[in-house]
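Examining the three-dimensional arrangement
As a plain string of letters, each chain reads:
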Amino acid sequence: MESTAPAPAITLRPLSAPAAIPAAPGSAVAPAGETLIDIDHVDFFYGAVQALHDISLHIEHKKVTAFIGPSGCGKSTLLRCFNRMNDLIDGTRVASGTIKIRGIDIHRPDVDVIELRKRVGMVFQKSNPFPKSIYENITYGLKLQGVNNAARLDEVVEKSLRGAALWNEVKDRLHTSGLGLSGGQQQRLCIARAIAVEPEIILMDEPCSALDPVATAKVEELIQSLRERYTIVIVTHNMQQAARCSDSTAFFYMGKLIEYAPTRDIFMNPASPQTEAYVSGRFG
Amino acid sequence: MADPTHHFQARPSALRRSESAIFWLFRGATYLVLLCGAVVFLNIFIKGLSTVFQTKAPFVNTTFLTEAPESLYVFEWQGKKMEMGDKEFRVFKERNPAAANVKSESYVYCAGGIFPCIVGTVLLVIGSMTIALTLGVCAAVYLNEYARDGTFIRFVRLAILNLAGVPSIVFGLFGYGMFVIFFGWNTSLLAGWFTLAFMVLPVVITASEESLKAVPKGFREGSLALGATKWQTIRKNVLPYALPGILTSSILGIARVAGETAPIMFTAASVLRTQLPWQGLTRWTDFFFQGVMALPYHIYVVSAKIPQNEYTERVQYGTAFVFLFIVALTAAASIVLRTRLRNRYKW
Amino acid sequence: MASPAPADSAHFIAHKGKFRLFGLTLDTCIKVFFGGNAVVSIIVLALITIFLFREGAGFFGQNRQNLKVYREAGLEYVDFIRAQQDDHTALTRYLSDLRLRQFQHFTQHQHLTPAAANAALAGFDEFAGQYGDAVEPLRTLVSDLTEQATAIKERFTVMEDRKTERAQLLAAGKAQAAAEVGITPVDFVAELKPILGTLPAYREASADLAKRLAGIVAAAPAMPTPELQARLDRFRQLTAEYLAGFPAVARNLETWDYRRPVPATQEFSAFLFGREWVTASFWQDWYGVIPLVAGSLMVSLVALVLAVPLGVGAAIYVNQIASPWEQRLIKPCIEFISAVPSVVLGFFGIAVLGQTLRALSQQTWLAWVPGFPYSERLNILTAGCLLALLAVPTIFTLAEDALNNVPRSFKEASFALGATRLQTVMRIIVPASLSGIISAVLLGFGRVIGETMVVLLCAGNRIAIPDFTAGLAVITQPVHTMTGIIAQEMGEVVQGSIHYRALFVVGILLFFLSLAINYAAQHIVRRYRISIG
Ligand SMILES: Nc1ncnc2c1ncn2[C@@H]1O[C@H](COP(=O)(O)OP(=O)(O)OP(=O)(O)O)[C@@H](O)[C@H]1O
Ligand SMILES: [Mg+2]
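Residues numbered from 1 in each chain as written. Chains lettered and ligands numbered in written order. Predicted model: local features only at pLDDT ≥ 70, side-chain atom pairs only at ≥ 80, totals over all residues. Heavy atoms only, no water.

Residue and element names in this part refer to chain C. As assigned here, chain C comprises domain 1 (13–56), domain 2 (68–262) and domain 3 (291–532). In this structure, domain 1 and domain 3 have C-alpha centres spaced 38 Å apart. Listed by partner, the interface residues are nine residues for domain 1 and eight residues for domain 3. For the domain 1 face of the interface with domain 3, the top three residues by lost area are Leu52, Glu55 and Gly56, together amounting to 65%. Applying the counting rule to domain 1 against domain 3 returns zero salt bridges. (Domains from an automatic or database assignment. Contact = heavy atoms within 4.5 Å. Buried area = accessible area lost by both parts, 1.4 Å probe. Salt bridge = Lys/Arg side-chain N within 4 Å of Asp/Glu carboxyl O.)

Glancing now at the domain arrangement of chain B. Residues and elements named next belong to chain B. Here the domain parsing of chain B yields domain 1 (19–60), domain 2 (67–112) and domain 3 (115–344). For domain 2 versus domain 3, the separation of C-alpha centres amounts to 41 Å. On the domain 3 side, the residues contacting the 13 residues of domain 2 number 15 residues. Summed over both sides, the interface between domain 2 and domain 3 buries roughly 1,100 Å², with carbon and sulfur atoms accounting for 65% of that surface. Its largest share of buried area at the contact with domain 3, domain 2 owes to Pro69, Tyr109 and Cys110, together 55% of the area lost on that side. The interface formed by domain 2 and domain 3 includes zero salt bridges. Remark: the boundary between domain 2 and domain 3 carries zero residue pairs in polar contact (both at pLDDT 80 or more). (Polar contact = N/O pair within 3.5 Å; in protein donor to acceptor, adjacent residues only side chain to side chain.)

All names here are of chain A. Looking at ligand 1, the residues that line it are Tyr46, Ala51, Ser71, Gly72, Cys73, Gly74, Lys75, Ser76, Thr77, Ile89, Glu206 and His237. Between Glu206 and ligand 1, the recorded distance is 3.1 Å, taken from a side-chain N or O atom to an oxygen atom. Starting from 630 Å² of accessible surface for ligand 1 in isolation, the protein chains cover 61%. Among the elements that make up the shell around ligand 1, the one with the highest residue count is helix H1 (residues 75–82) (three residues). Split by residue class, the shell around ligand 1 holds four nonpolar, six polar and two charged. (Near = heavy atom within 4 Å. Areas by Shrake-Rupley, 256 points an atom, 1.4 Å probe, with all protein chains shown as cover. Helix = DSSP H or I, 4+ residues; strand = E, 2+ residues; numbered from the N terminus. Nonpolar A, V, L, I, M, F, W, Y, C, P; charged D, E, K, R; others polar.)

Bringing the interface of chain B and chain C into the picture now. Contacts between the two partners involve 76 residues from chain B and, on the opposite side, 74 residues from chain C. Contact between chain B and chain C buries roughly 6,800 Å² in total, counting both sides, with carbon and sulfur atoms accounting for 80%. At the boundary of chain B and chain C, one finds zero salt bridges. The interface formed by chain B and chain C includes three residue pairs in polar contact (both at pLDDT 80 or more). Looking at the side of chain B that touches chain C, the element that brings in the most residues is helix H1 (residues 14–52) of chain B, giving 19 residues. When its residues are assigned to classes, the side of chain B that touches chain C shows 59 nonpolar, 13 polar and four charged.

Residue and element names in this part refer to chain B. Taken as a whole and judged by the stated rule, the model has 47 aromatic pairs over all chains. Between the aromatic rings of Tyr297 and Tyr300, the centroid separation amounts to 5.9 Å while the plane-to-plane angle is 50°, which identifies the pairing as tilted. You can see Tyr297 and its partner Tyr300 sitting in helix H11 (residues 295–305), three residues apart, about one turn around the helix. Side by side, Tyr297 and Tyr300 carry an identical accessibility label, which is buried. (Phe/Tyr/Trp six-rings, centres within 6.5 Å; stacked < 30°, edge-to-face > 60°. Buried < 20%, exposed > 50% of the residue type's maximum accessible area, 1.4 Å probe, protein only.)

Side chains of Leu32, Leu35 and Val39 of chain B sit close together on the surface and give an oily, nonpolar patch of about 250 Å² of accessible area. Its location among the elements puts Leu35 of chain B in helix H1. (Patch = residues over 30% accessible without salt bridge, like charges linked within 9 Å, V, L, I, M, F, W, Y side chains within 5 Å.)

Next up on the list: the sheet that holds strand E3 (residues 104–112) of chain B. All names here are of chain B. Sheet architecture is open: three strands sit in the order E2-E1-E3, paired in antiparallel fashion. At either margin of the open sheet sits one strand with a lone partner, and together these are strand E2 (80–85) and E3. Ignoring strand direction, the axes of neighbouring strands in this sheet form an average angle of 25°. The pairing of strand E1 (residues 69–77) with E3 spans six bridges and is antiparallel. When the bridges of E3 are listed, Tyr73 appears paired with Ser106. Sitting on the sheet, helix H3 (residues 86–95) touches E1, E2 and E3, and the angle it makes with E2 is about 120°. (Pairing = 2+ DSSP bridges. Axes fitted to C-alpha atoms, helices over the stretch in contact; angles between N-to-C directions.)

Our focus in this paragraph is the environment of Lys193 of chain C. Residue and element names in this part refer to chain C. Following the sequence through the fold, Lys193 ends up in helix H8 (residues 188–196). For Lys193, a relative accessible area of 58% corresponds to the exposed category. Distance in space between the C-alpha atoms of Lys193 and Thr164 is 28 Å, their sequence separation being 29 residues.

This is the structure in structure tokens:
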């Protein structure tokens, strides 16, 4: 698990692409596989400003999906729709369309947002460990759910930290402040904190943008190991990262979904000229 | 220095001279303000020292700090001029029957101490700050965590802003009209508490909101993304980090509450109560419905309401010293704590 | 891992049977609780308004009654004549002043001994004595009338008290006792007859006075110097003007009618524009707020004149010029000054500053300052100086904030163009933060005008409109203020009396004044903030 040398950044190395890729290039529908998140013609508004235009895509179960696109194209906005974090911003609304997770429309009035957020974890661009000890950071979510059994908490802490590839680095200082860790460690702590509550889906909004290459490599490795148990949606500006980590990639531009296909296709054989221009670095 | 006439040679000019003159003017203004403040402080500290401290052990004038105000009696006794407080004088007369009819002059308030005033001020501060902190922190939590911008919130903010500018005497009138007369609480601790609490409410709300704002948004998002409810987030991940700031800034509120005279003049302050607030109560509820002595009001009384004579200055400066000391201590604590806090909490 | 939506994982559908109160979830309840606390601020503001009005509203009705009685009991009638008498008194004062000047002339320029000077003034004294005595008949008349009018008013007041007593008894259900309270309404026509009957006597007295004064003035002795002679001529002229006013007084008396109704606006105008605040007087109470407003404004003005340059100057210095360590030191120190309780400052004023300033004013080398030397220890100047010390921290803190908010780039751009530091500060930074500085000054004004203890202790507490004819020397006069009067008189008034209510109305005035100042400050900030960009 640990200390494999970071992959050379230039080669595009499609990782474990799905065996069959019947998707028609350019279509904004899902590639094959089980659909976990089903986004259907979603329009999203910040007050009067429309940030998302008619987005439809299917996100597969236990796969890594990457969202790419130029700044301000609405990646974060869409990601934050999945756990309804946008509810916290005044005047936001999903004007039309539905977002279904496991077939349940998450905007249904009887949906408990709190439950939803427990199932859909999130890692933020800027790592935001709480100013508590590492141990408390990880157990925070569980304690909210009323888990107070010390043995169980210890077990979860170890499991999550191992899961986030942080255990070896922090196991001797679990009760020191989470803010005392390095940037990369903090981000992995946040991931550990997210997986401690055993979500089904982990949303990552540019998790590596504030990290140096070594830390980035560690987080990427982590993503690789997490893909076996979680469905991951990751927003990234780093094309290589998308290529290295993800199974499918969605390219957004100006609030619209331009192309959604297996990662290999997006990078090797993009259907849309805009996608091609973007992935080859000719605009953006 | 070889070539004195190079291109960027600094030359003395009228402009530069006038500039430095004007800067000195500004500097002068600043130091003049500080000087005035220092003069006030030093005057009261130096003259107050002689009342509050003494040259004999225990060096602190315990009578002044631990007893109630009394009248001072001055009389001639066996060729000596005697100065005695009321109680002492009575004991003296009992001991010396010959002194029963001695001609004495009495000076009201000039003997004894100011203990009931200290106690009253402390009680007023504790009660009103409890009320103000409860109301103020909750209001700030609402404004900063729950409220979404709208007409209602604009009104609330407008009300807070305006409340902050209302003169303290108007709060006094209001407290008198509402608590003392309408609720029939008379001049009482309770009326003073509420009047003062409403007066500092804007200070507390503003301070609390500032501290809440200083807690990064990431703490809230991180917690909510883990499936915490709003209240859980606030209780576990926002308030604990805002609390030091709230308390620190609220100490300034304490200084304000302790220092105001006008609002308690007709709501809580009584001119003289030799008994301490917890003495001589028939029912425990009477505690809340009694007037108390307070330091600021006592200063007002001894410096404006009683005839001035050579003995009043002692008690005036002594009271002012103790009062200023208490207020200055809280204010200094708040200022120091705030700079400390600013440096410590950087996330 | 069966395909799409396994039924067991619909976790996030809300569980039924969660905690609920009145149909609200726990979180909503908590939100409502916090919201309720936020509403308290609005409620308090509303309550302040309500209770000030509740106690103050009755004032205007009572004031109208007050003014009505003033008319119906004939006090107004008597005051016409009294004014005539008072004008005469003012003229005799002029004569005493003239005598003093002559005396000085004799002793200082002609080097006479005081006794010799007095002897030289014997002629003038006789003249002045005659002038003063001439009013005697009129004075007798006034004092007779005063007694009569007071008696009528007294009877009326007693009847009013009985009415209240009866009403209270009735309210308590004691009809029997209530009936026993005898009320005989005051018959103003009959009561006023003797007063009105004195009109011929007045005419006689007045004509006599006019004749005598004219005669006396014509025979005034000559003055030793042209300058004093000019003064005497002026006095002659004043007397002539005074005599010319007699027919108007007589006309007023003739046309005076006790039934003329008091207009409804007068109860307000008598308060807002009334030039006298007289309470607990045996004759007539006046609740005119002008002296108090003038006092408050004068004190605030002096305070601001001192505090604005100091506060803004210190803000500019600390924010733009001072070295970092100076900044770190000065800011807390000035904040610290703001913590000094106002009653302590007031005490300092009484104990130290009053005397010091007066002693200073009596230095000869400061005699050029208007109003110096003065003898009243507590006056506008003393209170203004102390209030300035209170206002400086407010103005300093807010102005410093405003300066701090000017974007760094402005400063850098100006420096890059070769401007000096002073030029940058004066032409870029200060103008850019001007709205903030002005609002700081306004809030400082609000702080000062609402301050109670300092003015109560140090403004001198003389209820009179300051004499503005003295020019700048006006600042050495004692005044009373709106805040001071409330603090001073509230403790002594009868609850529910007109005086009590008048104090609440002063409070209302103060309340709205502070709201207006606050509003103006916010408005300026909001309006002009954008203009910086
Ligand atoms: N809170 C907000 N209020 C109003 N508009 C917003 C808000 N947040 C984002 N937007 C707008 O919505 C659009 C999409 O923003 P979003 O943050 O989703 O972009 P992004 O693709 O994540 O960009 P980046 O790569 O820079 O993070 C942008 O035009 C942005 O200006
Ligand atoms: Mg983004």
